[in-house]
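Coordinate inspection notes
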Amino acid sequence: MQFGILGTAGIGIESVIPAIQASDHAAAAIASRDETRASAVADEVGIPTAYGSYEALLADDSLDAVYIPLPNSLHADWVRAAADHGLHVLCEKPLTASADETAAVFDYCEDAGVTLMEGFMYRFHPRTERAAELVASELGEVVSVTSNFSFRLPDGAENIRIEPELAGGSVMDVGCYAISAARLFLGTPDRVYATTTDTRDCGVDTRMSGVLEYDSGATARVESSFDTPETQYYRVQTTDGWLEAKTAFNIEPTASAELTYATDGRVVTETFDPIDNYRREVEAFARAVETGETPRIDREESVDLMRTIDAVYESADTGRAVDLN
Amino acid sequence: MTPTPTDITEEFTRRDWQGDDVTGTVRLAMIGLGWWTRDEAIPAVEESEFCETTVAVSSSKEKAEGARELAGSITHGLTYDEFHEGVAADAYDAVYVVTPNGLHLPYVETAAELGKAVLCEKPLEASVERAEKLVAACDRADVPLMVAYRMQTEPAVRRARELVEAGVVGDPVFVHGHMSQRLLDEVVPDPDQWRLDPELSGGATVMDIGLYPLNTARFVLDADPVRVRARARVDDEAFEAVGDEHVSFGVDFDDGTLAVCTASQSAYQSSHLRVTGTEGELEIEPAFYNRQKRGFRLSWGDQSADYDFEQVNQMTEEFDYFASRLLTETDPDPDGDHALVDMRAMDAIYAAAERGTDVPVDTDVDSASDEA
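Residues numbered from 1 in each chain as written. Chains lettered and ligands numbered in written order. Predicted model: local features only at pLDDT ≥ 70, side-chain atom pairs only at ≥ 80, totals over all residues. Heavy atoms only, no water.

Residue and element names in this part refer to chain B. A cluster of acidic residues, E165, D171, D222, D254, D255 and E279, forms a negative patch on the protein surface. Among the structural elements, D255 can be located in the loop between β9 (246-253) and β10 (258-264). Accessibility expressed as a relative area gives 37% for D255, which makes it partly exposed. (Patch = residues over 30% accessible without salt bridge, like charges linked within 9 Å, V, L, I, M, F, W, Y side chains within 5 Å. Areas by Shrake-Rupley, 256 points an atom, 1.4 Å probe, with all protein chains shown as cover. Salt bridge = Lys/Arg side-chain N within 4 Å of Asp/Glu carboxyl O. Lys, Arg positive; Asp, Glu negative; His and termini not counted. Charge placed at Lys NZ, Arg CZ, Asp CG, Glu CD. Helix = DSSP H or I, 4+ residues; strand = E, 2+ residues; numbered from the N terminus. Buried < 20%, exposed > 50% of the residue type's maximum accessible area, 1.4 Å probe, protein only.)

Quick look at the interface of chain A and chain B now. Across the contact, 13 residues belong to chain A and 14 residues belong to chain B. Roughly 1,300 Å² is buried in total at the junction of chain A and chain B, and carbon and sulfur atoms are behind 41% of that figure. For the interface between chain A and chain B, the tally reads zero salt bridges. The interface formed by chain A and chain B contains seven residue pairs in polar contact (both at pLDDT 80 or more). The greatest single-element share of the side of chain A that touches chain B, amounting to seven residues, is contributed by strand β14 (residues 266-272) of chain A. For the side of chain A that touches chain B, the class distribution of residues is four nonpolar, three polar and six charged. By the bridge criterion, seven bridges tie β14 of chain A to strand β14 (residues 303-309) of chain B in an arrangement that is antiparallel. Bridge pairing in β14 of chain B links F272 of chain A to Q303 of chain B. (Contact = heavy atoms within 4.5 Å. Buried area = accessible area lost by both parts, 1.4 Å probe. Polar contact = N/O pair within 3.5 Å; in protein donor to acceptor, adjacent residues only side chain to side chain. Nonpolar A, V, L, I, M, F, W, Y, C, P; charged D, E, K, R; others polar. Pairing = 2+ DSSP bridges.)

The next thing to look at is the nonpolar core. Core analysis: the largest hydrophobic core is formed by 167 residues, its most contacted members being Y234 and L243 of chain A together with L124 and F296 of chain B. Ranked by the residues each element gives to this core, the list is headed by helix α7 (residues 170-186) of chain A, at 11 residues. In terms of nonpolar packing, the next biggest core, distinct from the first, is built from 30 residues, V45, A117, A148 and Y321 of chain B among them. (Core = buried A, V, L, I, M, F, W, Y, C linked by side-chain atoms within 4.5 Å.)

A word on unusual backbone geometry. Residue and element names in this part refer to chain B. The omega angle of the peptide bond from K122 to P123 is -10 degrees, so this bond is cis rather than trans. With an omega of -10 degrees, the peptide bond between E285 and P286 qualifies as cis. Position of P286 relative to the elements: it lies in the loop between β12 (280-284) and β13 (296-300). One non-glycine residue, E11, lies in positive phi territory at about 45 degrees. Even without being a glycine, A88 presents a positive backbone phi close to 55 degrees. Within the fold, A88 resides in the loop between α4 (80-85) and β4 (94-97).

Residue and element names in this part refer to chain B. With domains assigned, chain B is organised as domain 1 (26-148) and domain 2 (151-301 + 336-360). On a C-alpha basis, the centroid separation for the pair domain 1 and domain 2 is 26 Å. Every contact between the two is made by 18 residues of domain 1 and, on the other side, 21 residues of domain 2. Carbon and sulfur atoms make up 67% of the surface buried where domain 1 meets domain 2, a total of about 1,600 Å² over both sides. The largest share of the area that domain 1 buries against domain 2 comes from W35, K122 and V128, three residues that together contribute 30% of it. Put simply, domain 1 and domain 2 have two salt bridges between them. Salt-bridge contacts for D208 lead to K122; the nearest nitrogen and oxygen are separated by 4.0 Å. The tally of links between domain 1 and domain 2 comes to six residue pairs in polar contact (both at pLDDT 80 or more). Looking at the side of domain 1 that touches domain 2, the elements with two or more residues in it are α2 (35-47), α6 (128-141) and β6 (145-147). (Domains from an automatic or database assignment.)

The next thing to look at is the packing of aromatic side chains. Aromatic ring pairs are defined here through the distance separating the ring centres and the angle between the ring planes. Using the criterion set out here, one finds 23 aromatic pairs over all chains in the structure. On the numbers, 6.2 Å between centres and 40 degrees between planes, the contact of F83 of chain B with Y107 of chain B is tilted. Here F83 of chain B, found in helix α4, pairs with Y107 of chain B, found in helix α5 (residues 104-113); they are 24 residues apart in sequence, far enough to count as distant. An aromatic cluster of three or more residues is present, and its members are F120, Y122, F149, Y177, F185, Y234 and F249 of chain A. (Phe/Tyr/Trp six-rings, centres within 6.5 Å; stacked < 30°, edge-to-face > 60°.)

Okay, the layout of surface pockets next. Residues and elements named next belong to chain A. Approximately 990 Å³ is the volume attributed to the largest pocket. Lining the largest pocket are 39 residues; nearest its centre among them are A9, G10, I11, I160 and R161. Going through the elements one at a time, α1 (10-22), β7 (142-152) and α7 are the ones with two or more residues in the lining of the largest pocket. For the lining of the largest pocket, a count of residues per class yields 19 nonpolar, 11 polar and nine charged. Lining the lining of the largest pocket are residues from two domains, each supplying at least three of them: domain 1 (2-120) and domain 2 (122-323). Its boundaries defined by the atoms lining it, the second largest pocket holds a volume of some 620 Å³. (1 Å grid on protein atoms, 1.4 Å probe; cavity = no way out; pocket = protein on both sides within 12 Å on 5 of 7 lines; lining within 4 Å. Points joined across faces, edges and corners; volume = space filled by probe spheres on them.)

Before going further, it helps to spend a moment on the pattern of salt bridges. Scanning all chains against the criterion turns up 50 salt bridges over all chains. The closest approach of N and O atoms between R279 of chain A and E283 of chain A, which form a salt bridge, is 2.9 Å. A residue pair is termed a helical-turn pair when its members lie 3 or 4 positions apart in one helix, as R279 of chain A and E283 of chain A do in helix α8 (residues 277-291) at four residues. What makes R279 of chain A partly exposed here is its relative accessible area of 32%. The exposure class assigned to E283 of chain A is partly exposed, which follows from its relative accessible area of 23%. Notably, a salt bridge pairs D235 of chain B with R233 of chain B, separated by 2.8 Å at the nearest N-O pair. Classification of R233 of chain B as partly exposed rests on a relative accessible area of 49%. The network of salt bridges with shared partners includes R14, D16, R158, R159 and E162 of chain B.

Glancing now at the environment of N159 of chain A. All names here are of chain A. With respect to the helices and strands, N159 occurs in the loop between β7 and α7. Take N159: its relative accessible area is 18%, and that puts it in the buried class. Within polar-contact distance, the side chain of N159 engages the backbone nitrogen of R161 at 2.8 Å.

As structure tokens, this is what we get:
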């Protein structure tokens, strides 16, 4: 498949473009609002065609799909524009800035007959697949999940991650991983309590702490922040044991991944060889396009994740628990 | 459906050999009261479900009677002569023979004549010929004979065997095994000990510890040795009489697996067993010391798994296995014929070290022990 890349974001240049190039597919074109930058990046990463506008790239008939790593608030409009051109869309997380908008872009893509998938690369890592399998089949009933993705965002940096107009904030940037992991092991919560803090007076949350509550009695505690050294993990407590992953979400393709779990009087640490989970994400997306099958991260998952994020914000705003049912 | 690694390693320390129908207690006579019996065997029996020590047999009446302090269940302390005379034979059901290797035979013969089941320490005897006589004595008297290879009831080893059998590592290609310790510096600090007397031990390193990687490889692979090659070296004069202080040996198994093993009585305490197959690898490290926590790693496909499991007392497992077999009137393994294969293999290893050539292993044990 021929991929077009919308924008010159770091995640595209460093991770997803090399992943597409390493796969059986091609990064055929890249666009930036600044044509000089588009050409410079195209040269640097070895993409044959550069465009000075996103519209021009979308009009390129040789493309099959686009990858969108734009700021969060711009996702929805450009997903629709790509769909208008019959292009399948792999869009970075979070897919949009609200559950309603997420449902709306899925409606739009379904009407246009194109595949849309939200890019949570960690879901394609063999370690994540194994964790989900172990929790589903080996460890009994899930009692609680604790998950955190935080890192230190340098002060004073002009950064899309803390721009309110661009739907920045720690929840949208990294907290969505912690919430995604809670959902992976427990599904959509029935109630959400959360608190957020804006420690930099920047108009968005820089810290979030939340509790997801399930009618089954299970709970999840999710956290994110821009104010601590990097930490990213999930830990699942079950009736028969526990399971834990560190560097759980954004792991270098050159690093091996560990998963530790305990049950039946044994503690097992499984180690997974280094792997490029972006490449697996790209390949899974392309396979879904080619076969017409529903992608692993489907409409329901993306919409329900965004409903949970909406509830986190609503609870933080109102100081009350938010019912999701 | 083929069991997965997760299925096989579930309840890692399960006693797969113990049925629900085991009831009763086997009363044991301990033949030989060296440090192993006092520090390892009797305490392990105390922890067991199906055994108790009722009789202690030693060279002097005083030492034998003194063993009563080691367990409240001990009612008789006998000299070796009293044992041979059948004194207090009603007080025990089975014997655990833990004398020097070259003295196993007379005690096993007496036990067999008394109709007692036998648990005999490895190696079976100090020579193939005496080992054959030992097996023949038990066969003649129709008493159960089990040889005390404690690794065969070690959960890590049993799980390894199941994983190999299930094909998780593909077809086994190589085994690497190792066992070393500092016998004189750390284990038994006596240059005149029986292990260094060829008449009593039959060899110091291959017979005492080289046997661990050899026999455990056989058990994990479910295969027997057909050909060996070996080197032995002596640095410390205390080992000159036996001739084997540091040893390396290669073993070709009848399933095609090639093994390389090393053992030393004068090297840093270390032990491992690694099975490399076409599709994966199993590593038990540390492997062979009851006093060291066993490690277990399985690698296959693009992942590896390290298992941290509840450690068992290998001797308690072994005694309970032996007893549960007697109580259910089932023949225990490893039996005398199994142990004779090791005796022949070790004989071939010593011959190979001396000649510097490959030596075939005669594994036709049944006919040999019938003739003995």
